[in-house]
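What follows is each chain in one-letter form.
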Amino acid sequence: LLKPIDRPPWILNHDSIKTIKKLGEGAFGEVYMAELTTDKVSIPVAVKTMREEVSRDSRLKFMKEARIMRKFHHQHVVQILGIAVHEHPLMLVMELCLGGSVLSYMRKHKGKTTLETKLRFVLEASSGLAYLEEKSCIHRDIAARNCLLTEKHAVKISDFGMSDERKTLTDERLDKVPVKWLAPETMQNKIYSSKTDVWSFGVMAYEIYSDGGEPYPTLTNIQTRAKIIVQNYRMEMPKDVPPAVVTLVSECWAKEPENRPPFSKIHERLLSEYKKEHGD
Ligand code: ADP
């Protein structure tokens, strides 16, 4: 006897999602803490919603973000659980990260975050990024604001709104992206690759070690761009950063993308530094 095909569990019913409180504001709508109930079991989740009135283009971007995230399962990448698309607002249901962003954590604990925690944050981020690199995913918006923390302060790479599955791409729409995180070839030729994520990772390491400081604090975006491209200028890392990390970050900021280390190597080197300084 033929049976009807079950609705794939990936597609969730709005009835199974109960929003509890607002957590943040996304580009297309609010992000909520919610409770997801499947098979009578309820779990806390985060839901990114999309307002009904957004453009078709935004809706496609939202779906692309869900489709790309669906392929990833890693302890340092935010897990997507499903999407709810039968009613408005459209919802993207994800693992809940109650610790807020790494950027807000650094600013809130200014002067109090230990070197061990800082190294663990960059190490865990590099672990998630090495996984994404292996899966040929370019994130394109690596920054401390886009790394979230769980309640127990594990780092999760988040916000795949700009991510892409091509090895390299050129994107003319540069206006919205924060200039101070961009590699020189992105600033100049709008080229993105895993190696441009590596550059941004270096800027994020600066953010973490400076307790959430603004990169190039004395420069405007236009001055930053000019100094990096024309004078080959690079930021100085704060004084207490371990020499191994200073060297690694300077390699992430190599002018030629091929001279930057891949995330697989970055992760290896940070792991050995962590073990050397803080044990296993
Ligand atoms: P967008 O890319 O659409 O602007 P983000 O992914 O940056 O949206 O999310 C906006 C905000 O929502 C984040 O800064 C964060 O505060 C919150 N948020 C997003 N995802 C989660 C999550 N999985 N858990 C907890 N909070 C989240």
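Scroll up to find the structure this text is about.
What counts, and at which threshold
For every chain, the first residue of the written sequence is number 1, and numbering continues from 1 onward in sequence order. pLDDT decides what is reported in this predicted model: residues at 70 or higher carry local features, side-chain atom pairs at 80 or more are listed and counted, and totals for whole chains, interfaces and linings draw on all residues regardless. As a rule here, side-chain values cover all heavy atoms of the structure and leave hydrogens and water aside. In this description a helix means any DSSP run of H or I spanning at least four residues, a strand means any run of E spanning at least two, and both kinds are numbered starting from the N terminus. Expected helix span is computed as 1.5 Å times (number of residues minus one). In what follows, residue pairs with any heavy atoms lying within 4.5 Å of each other are defined as contacts. Burial classification: accessible surface area is computed with a 1.4 Å probe over protein chains only, and a residue below 20% of its type maximum counts as buried, one above 50% as exposed, and the rest as partly exposed. Each Phe, Tyr or Trp ring (for Trp, its six-membered ring) is paired with any other whose centre lies within 6.5 Å, and the angle between the two planes then decides the class: stacked below 30 degrees, edge-to-face above 60, tilted in between. Distance and angle both matter: a charge sits over a ring if NZ of Lys or CZ of Arg is within 6 Å of the ring centre and within 35 degrees of the ring normal. Nearness here has a simple test: a residue counts as near a molecule or strand if at least one of its heavy atoms is within 4 Å of that partner. Polar contacts, as counted here, are pairs of nitrogen or oxygen atoms within 3.5 Å of one another; within protein the pair requires one atom able to donate a hydrogen and one able to accept it, and residues that are adjacent in sequence qualify only if both atoms are side-chain atoms.

1. Considerations on helix H8 (residues 263–278)
For step 1, the next point in the chain: Helix length check: H8, at 16 residues, gives a terminal C-alpha distance of 21 Å against a target of 22 Å (1.5 Å per residue), a fit within 8%.
For step 2, the next point in the chain: Check the buried side of H8 and you find it contacts helix H3 (115–134), helix H5 (194–209) and helix H7 (243–252).
For step 3, the next point in the chain: Just downstream of H8 lies Gly-279, where phi reads positive at about 75 degrees.

2. Concerning the environment of Glu-236
For step 1, the next point in the chain: Mapping Glu-236 onto the fold places it in the loop between helix H6 (221–231) and H7.
For step 2, the next point in the chain: On the accessibility criterion, Glu-236 (60% relative accessible area) is exposed.
For step 3, the next point in the chain: Spatially, the C-alpha atoms of Glu-236 and Tyr-216 are 9.1 Å apart, while their sequence positions differ by 20 residues.

3. Brief notes about unusual backbone geometry
For step 1, the next point in the chain: Across the junction of His-88 and Pro-89, the peptide omega takes the value -5 degrees, indicating a cis bond.
For step 2, the next point in the chain: Assignment of secondary structure puts Pro-89 in the loop between strand E4 (80–84) and strand E5 (90–94).
For step 3, the next point in the chain: For Lys-40, which is not glycine, the phi dihedral falls at a positive 65 degrees.
For step 4, the next point in the chain: For Lys-40, the location among the structural elements is in the loop between strand E2 (30–38) and strand E3 (41–50).
For step 5, the next point in the chain: Taking the relative accessible area as the measure of exposure, Lys-40 reaches 83% and is therefore exposed.
For step 6, the next point in the chain: In this model, His-153 sits at a positive phi of 70 degrees, which is unusual for a non-glycine residue.
For step 7, the next point in the chain: Checked against the element boundaries, His-153 lands in the loop between strand E7 (147–149) and strand E8 (155–157).

4. Looking at the packing of aromatic side chains
For step 1, the next point in the chain: Taken as a whole, this structure holds seven aromatic pairs when the rule is applied.
For step 2, the next point in the chain: Here the aromatic residues Phe-72, Tyr-131 and Phe-160 are joined through ring pairs into a cluster of three or more.
For step 3, the next point in the chain: Its guanidinium or amino end placed over the ring of Tyr-192, Arg-140 lies 4.0 Å from that ring's centre, counting from NZ or CZ.
For step 4, the next point in the chain: Over the face of the ring belonging to Trp-181 we find Arg-145, whose NZ or CZ atom lies 4.6 Å from the ring centre.

5. With respect to the site of the ligand
For step 1, the next point in the chain: In the vicinity of the ligand, 14 residues are found, and the nearest of them are Ala-27, Lys-48, Glu-95, Cys-97 and Asp-159.
For step 2, the next point in the chain: Here Lys-48 contributes a side-chain N or O atom positioned 2.9 Å from an oxygen atom of the ligand.
For step 3, the next point in the chain: Between Asp-159 and the ligand, the recorded distance is 2.8 Å, taken from a side-chain N or O atom to an oxygen atom.
For step 4, the next point in the chain: For the shell around the ligand, the elements supplying multiple residues, two or more each, are strand E1 (17–25) and E3.
For step 5, the next point in the chain: Element by element, the count of residues in the shell around the ligand is highest for E1, at three residues.

6. Let's talk about the environment of Glu-273
For step 1, the next point in the chain: Inspection of the secondary structure assignment puts Glu-273 in helix H8.
For step 2, the next point in the chain: Judged by its relative accessible area of 7%, Glu-273 is buried.
For step 3, the next point in the chain: Separated by 29 residues in the primary sequence, Glu-273 and Ala-244 have C-alpha atoms spaced 7.2 Å apart.
For step 4, the next point in the chain: In this view, Glu-273 contacts Leu-119, Pro-242 and Ala-244; residues no more than four positions away in its chain are not counted.

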